[in-house]
Amino acid sequence: MRFLRGLLLPLVALVGLALARSSTGDSVLIILDPSLKRDNFSIFFNDLEEQGYKLTFRSPKEAEPQLIKDEVAHFSHVILFAPDTKSYASDITPQSLVSLLNKNTNLLLALSTKQTPLTSLAAEFSLILPPPGTPLISHFPWRDTPATVIPVEPPRGNPIVSSNLPPVWFSGVPQALGTNPMLVPLLKAPPQGFASDADSDTGADALVEAAEKGGEGLWAGSQLSLVTGFQTLNNARATWVGGIDLFTDDFFNKEISTGKQSGNRQFARDVTAWTFQESQVLRIDNVEHHRVNETLPRETYTINDRVTYTAYISKYNPELDMWEPYSGVQDMQLEFTMLDPHIRTTLPPVPGEPGKYSLTFRVPDRHGVFKFVINHKRKGQTYLESTTVVPVVPPRHDEYPRFLSAAWPYYAGAISTSAAFVIFVALWLGGEERDPKKSKGAKAE
């Protein structure tokens, strides 16, 4: 059996290289504007099909296939490539797109420099867009392309984006990020870039004035984002791309320099892998809790018990289409709460046991209804949440120790009182009897 397994796993891995699957499903609806030719995105679409995704196309104004029917989402992922469209079919509204996220459908949306319904929807995701008609501009480094076609260095050390990726060609609108902690920047603007009129750079003077007052100005520099992810509380993902040209065949094949291909194709692959929940997807398989030297959980715990809590974490492997034990989370915390955390401590991985995280601690000296809580939220990763309710009770009457060290003053008082009483009684009973003296006036009988 082990021999067969050893032969099958490499075969599955080889097949998985071509079929990288999503953890939530393989159906993809692509809403493509009629003004955009499908052939202009042939490499991007073919890559998705080679990875095992089932693509369905429709235009923004077509009624079928519907996004949601009978309160059920019909697709696992939606790609909205209609950046200039101002009117959509009745089933494509900002409310319906938000509803898709609530139903765990992932979204990939492309923006443009024009005012569209997507512009107002982006504000709901804490994305602030510049005024219409102000794309990102950069005159550095020198190149033979327009100022709006910019090579952008991908982030280094980002687990979502492949390492050592060549610069990515970008043309589109930047986004200023709000304070929402669910935002995940995937591609930042270059430091020398700014948003302004593409033809005359008339907005540059305003940026210079803002820079003199302090800072780079709102629409300039690396504080702007070009590709931004957003992960909801139910772990659905939406990615906003500032320009649809990033996915075109022209940008895929365009060279950064002589003989050096751009990183657009791999970057697009990384973005869709994160958006479609292929990468950075974690889950809690199981949690256990029990007293030390026991194996089964208790319905109640007693104050000052020594309790062991264990969680099993796995990570999705898109190449094998399976979940694997994962011990790479180094900063997971465990809380033991009753209204407020009474204990908050690190839940470390167990060496030599992949996917197992365990901790032993002493239950607080306070009774009530407590909860074991894991609430792990990190940018780019699936949120890990687990809550287990356990009552904590005082010891039973027969569980207290026979003698309490804190009660020795009371013991001494009781013993001394008892001893004094015994001595008094002994002296009283054992004392000499004396006849009472007769008075002189008493008559003899």
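For clarity, every value in this text was computed on a predicted model and none was experimentally measured.

With respect to helix α8 (residues 408-430)
For α8, with 23 residues, the first-to-last C-alpha span of 32 Å sits near the 33 Å given by 1.5 Å per residue. Burial runs low along α8: only zero of the 23 residues are buried.

Here's the deal with the pairing of strand β20 (residues 306-317)
Burial of β20 is extensive: nine of the twelve residues sit out of reach of the surface. Alignment of strand β18 (residues 282-291) against β20, held across nine bridges, turns out to be antiparallel. Bridge pairing links H289 to Y309 in β20. Alignment of β20 against strand β24 (residues 356-362), held across seven bridges, turns out to be antiparallel. Paired with Y309 across the bridge in β24 is L359.

Side note on the packing of helix α2 (residues 42-50) against helix α7 (residues 264-275)
Interaxial distance between α2 and α7 falls to 11 Å at its minimum, and their mutual angle equals 50 degrees. Our classification of the angle between α2 and α7 gives oblique. When you trace α2 past α7, the crossing you get is right-handed. Each of I43, F44, D47 and L48 in α2 lies in contact with α7, whose residues at this interface are R265, A268 and T272. Among the residues forming the contact of α2 with α7, the class breakdown is four nonpolar, one polar and two charged.

Some words on the sheet that holds strand β26 (residues 384-393)
Taking strand neighbours across the sheet as the criterion, the five strands line up as β19-β26-β25-β22-β23 in an open arrangement whose pairing is mixed. Of all the strands in the sheet, just β19 (301-302) and β23 (340-346) have a single pairing partner and so form its edges. Relative to β23, strand β22 (residues 333-338) is paired through six bridges, and the arrangement is antiparallel. For M338, the partnering residue across the bridge sits in β23 and is D340.

What counts and what doesn't
Residues numbered from 1 in each chain as written. Predicted model: local features only at pLDDT ≥ 70, side-chain atom pairs only at ≥ 80, totals over all residues. Heavy atoms only, no water. Helix = DSSP H or I, 4+ residues; strand = E, 2+ residues; numbered from the N terminus. Expected span 1.5 Å × (residues − 1). Buried < 20%, exposed > 50% of the residue type's maximum accessible area, 1.4 Å probe, protein only. Pairing = 2+ DSSP bridges. Axes fitted to C-alpha atoms, helices over the stretch in contact; angles between N-to-C directions. Parallel < 35°, antiparallel > 145°, perpendicular 65-115°, else oblique. Left-handed = near helix turned anticlockwise from the far one by under 90°. Contact = heavy atoms within 4.5 Å. Nonpolar A, V, L, I, M, F, W, Y, C, P; charged D, E, K, R; others polar.

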